[in-house]
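Residue-level listing of the chains:
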Amino acid sequence: MSNWPDWFLEALRQRFYQLELAREQQTSCSSEEKNLFTQMDQFKTNQNEDIQRLLSEWEEAIGDQLSQDKQSIYMEGVKDGIRLILPVMHSTNIPLAH
């Protein structure tokens, strides 16, 4: 990506920071969500070790899937952005890396 213009790289950085800030603000849990997490933890604690391990593995698998989904959505956004910026770059004769 080092061949991209500085203004483009800075725009990507700023957009990333904006999205990260918005994500952090959205992750503040409501009292209902906190209560649900507390109940799940209590449920898990009251189970034998095998069930606790299975529940932990399930939580990890769900977390991994959510991460993959978010990464896929992010990459689609990057692709959309590139599709938008390429015509601008071609019209202003900015050299592209091949």
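In what follows, the structure referred to is the one given above.
Cut-offs applied
Residues numbered from 1 in each chain as written. Predicted model: local features only at pLDDT ≥ 70, side-chain atom pairs only at ≥ 80, totals over all residues. Heavy atoms only, no water. Salt bridge = Lys/Arg side-chain N within 4 Å of Asp/Glu carboxyl O. Helix = DSSP H or I, 4+ residues; strand = E, 2+ residues; numbered from the N terminus. Buried < 20%, exposed > 50% of the residue type's maximum accessible area, 1.4 Å probe, protein only. Phe/Tyr/Trp six-rings, centres within 6.5 Å; stacked < 30°, edge-to-face > 60°. Expected span 1.5 Å × (residues − 1). Bend = angle between axes of the 7 residues up to and from the residue. Polar contact = N/O pair within 3.5 Å; in protein donor to acceptor, adjacent residues only side chain to side chain.

Student: An account of the pattern of salt bridges is needed here, citing residue identities and associated values.
Tutor: Counted by the stated rule, this structure contains 6 salt bridges. Close ionic contact of Asp-50 with Arg-53 constitutes a salt bridge, the shortest N to O distance being 4.0 Å. Linking Asp-50 with Arg-53, this pair stays in helix H3 (residues 49-91), spanning 3 residues, or about one helical turn. Exposure remark for Asp-50: the relative accessible area of 49% places this residue in the partly exposed category. Overlapping salt bridges, with partners in common, bring together Asp-50, Arg-53 and Glu-57 in one network.

Student: Describe the packing of aromatic side chains, with residues and values.
Tutor: The tally for this structure, following the rule as stated, stands at 1 aromatic pair. Each ring, one from Phe-16 and one from Tyr-17, has its centre 5.9 Å from the other, and the planes form 65°; the classification is edge-to-face. On the basis of relative accessibility, which here comes to 49%, the residue Tyr-17 falls in the partly exposed class.

Student: So what's going on with H3? Residues and values would help.
Tutor: Here H3 contains 43 residues, and its C-alpha end-to-end distance of 63 Å stays within 8% of the 63 Å for a straight helix at 1.5 Å per residue. Bending of H3 peaks at approximately 25° at the position of Ile-85, with proline Pro-87 no more than four residues after it. Listing the buried residues of H3 in full gives Leu-55, Ile-85 and Met-89. Capping of H3 at its N-terminal end is provided by Asn-48; its side-chain oxygen lies 2.9 Å from the backbone amide nitrogen of Asp-50.

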